[in-house]
Amino acid sequence: MSTLNSSLRIAVLQSAGIEGDVEGNLRALAAAAGRARSLGADLLITPEMFVTGYNIGERLDAVVTDDLPDRIRTAVRHSGLATAVGTGVRRPDGIANSVLLIDADGSLIARYDKTHLFGALDRALFVAGDTLGPVISFRGVRLAMLICYDVEFPENVRALALAGAQLVIVPTAQMEPYEFIAEHLLRVRAWENQIAIAYANRVGSEGRLRYVGRSSIVDADGSVLAHAGAAEEDLLFATIDAGAVERSRSRNPYLLDRRPDLAVSPVPRTNPLPEEDDSHDRIR
């Protein structure tokens, strides 16, 4: 199928989740998937660490079991809708803050581990991933994944755009006082890279964290296709059109016009100015 003729209908889940309750969160996932599928979605996207809870401290070690990815795959297969699921995943060196892209049949398409850990909280709980990507062709749209803090680094989104991604999926747990990120930064990231972004945030609170909601789906031209409020649970829908992304890149060719070869001059450079005509100052 030609990418230029392809589109992907996505659903973004904004939810508080249930701290440390894997089975409860998988039931909530199934309910959201059922509604999203009935409304024509091809893919559901959850918030960061949705299955386990995010700021749950030492409880994380107990709920992130070795079989957790298989349990999530089973839940997705039963729901019948492809899903990008935020969850903890156990690795030999610790627990990764991950997003699993799982097809409707329960097969694992791809996994991404958060590469940029946010502050003491993330560093106390998680080990960092060491690669961006991959870029996956899914229903004819090329997509990639980041998690929360990752999208706040412009070079991450730029690298994925240069690698061919047309959509970046971003499960997040954005908290106060960083409303600015959800309200403004995502549109800038989308515009400067001519790439669509789906941002799935939490609401409510965990411990001392108060989540700011404001999930959104932003198109490659910076327009907001769908957005949620600050406090309520919600399910957003939008269609990402691969052809529209490519047309947007043609109109605003930042990726083509950039000059990454330019070096930073070690000293200020000034170009010589034409000799000024000071005839008006001369004594006649």
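Residues numbered from 1 in each chain as written. Predicted model: local features only at pLDDT ≥ 70, side-chain atom pairs only at ≥ 80, totals over all residues. Heavy atoms only, no water.

> Is there a simple way to explain the sheet that holds strand S9 (residues 196-200) in this structure?
Adjacent strands of a sheet pair through backbone hydrogen bonds, lying either parallel or antiparallel. Strand order in the open sheet formed by six strands is S6-S7-S8-S9-S12-S13, with mixed pairing between adjacent strands. Strands at the two margins of the open sheet, each flanked by one partner only, are strand S6 (136-138) and strand S13 (224-227). Averaged over all neighbouring strand pairs, the angle between strand axes comes to 20°, with direction disregarded. Where strand S12 (residues 216-218) and S13 come together, three bridges link them in antiparallel fashion. Residue pairing across strands places Ser216 opposite His227, the latter belonging to S13. In this fold helix H6 (residues 179-193) packs onto S9, S12 and S13, with an angle of close to 155° to the strand it touches most, S9. (Pairing = 2+ DSSP bridges. Helix = DSSP H or I, 4+ residues; strand = E, 2+ residues; numbered from the N terminus. Axes fitted to C-alpha atoms, helices over the stretch in contact; angles between N-to-C directions. Contact = heavy atoms within 4.5 Å.)

> So what exactly am I meant to see when it comes to the sheet that holds strand S5 (residues 108-113) here?
The sheet built from six strands is open, its strands ordered S5-S4-S3-S2-S1-S14 with mixed pairing. At either end of the open sheet lies a strand with only one pairing partner, and these are S5 and strand S14 (234-241). Each strand axis lies, on average, 30° off the axis of its neighbour in the sheet, ignoring direction. Pairing of strand S1 (residues 7-14) with strand S2 (residues 43-45) involves three bridges; the strand directions are parallel. Note on S2: the bridge partner recorded for Ile10 is Leu43. Lying on the sheet, helix H1 (residues 22-38) is in contact with S1, S2, strand S3 (82-91) and S14; it crosses S14 at an angle near 50°.

> Just checking my understanding: could you explain the packing of aromatic side chains for this structure?
The description of an aromatic ring pair uses the distance of the two centres, along with the angle that the planes make with each other. As enumerated under the stated definition, the model contains five aromatic pairs in all. A ring pair is formed by Tyr54 and Phe126, whose centres lie 6.2 Å apart and whose planes are at 5°; its orientation type is stacked. Remark: Phe126 occurs in the loop between helix H4 (119-125) and S6 and Tyr54 occurs in the loop between S2 and helix H2 (59-63); sequence separation between them is 72 residues. Residue Tyr54 shares its accessibility class with Phe126, and that shared class is buried. Residues Phe118 and Tyr149 carry aromatic rings whose centres are separated by 5.0 Å and whose planes lie at 75° to one another, so their mutual orientation is edge-to-face. Taken together, the positions of Phe118 in the loop between S5 and H4 and Tyr149 in the loop between strand S7 (141-145) and helix H5 (154-162) put the pair 31 residues apart, joining distant regions of the chain. A relative accessible area of 27% places Phe118 in the partly exposed class. Its relative accessible area of 22% is what places Tyr149 among the partly exposed residues. Linked through ring pairs, Phe118, Tyr149, Phe153 and Tyr178 together constitute an aromatic cluster. (Phe/Tyr/Trp six-rings, centres within 6.5 Å; stacked < 30°, edge-to-face > 60°. Buried < 20%, exposed > 50% of the residue type's maximum accessible area, 1.4 Å probe, protein only.)

> Would you mind showing me how to read the pattern of salt bridges here?
Note that side chains of opposite charge can pair when their charged atoms are close. Under the counting rule described, the total for this entry stands at 18 salt bridges. Taking the shortest distance from any N to any O, the salt bridge between Lys114 and Glu48 comes out at 3.0 Å. One end of the pair, Lys114, is in the loop between S5 and H4; the other, Glu48, is in the loop between S2 and H2, with 66 residues separating them in the sequence. On the accessibility criterion, Lys114 (1% relative accessible area) is buried. For Glu48, a relative accessible area of 0% gives the class buried. In this structure, Asp122 engages Lys114 in a salt bridge whose closest nitrogen and oxygen atoms are separated by 2.7 Å. Grouping residues by exposure puts Asp122 and Lys114 together as buried. Taken together, the shared-partner salt bridges connect Arg91, Asp93, Arg111 and Asp113 into one network. (Salt bridge = Lys/Arg side-chain N within 4 Å of Asp/Glu carboxyl O.)

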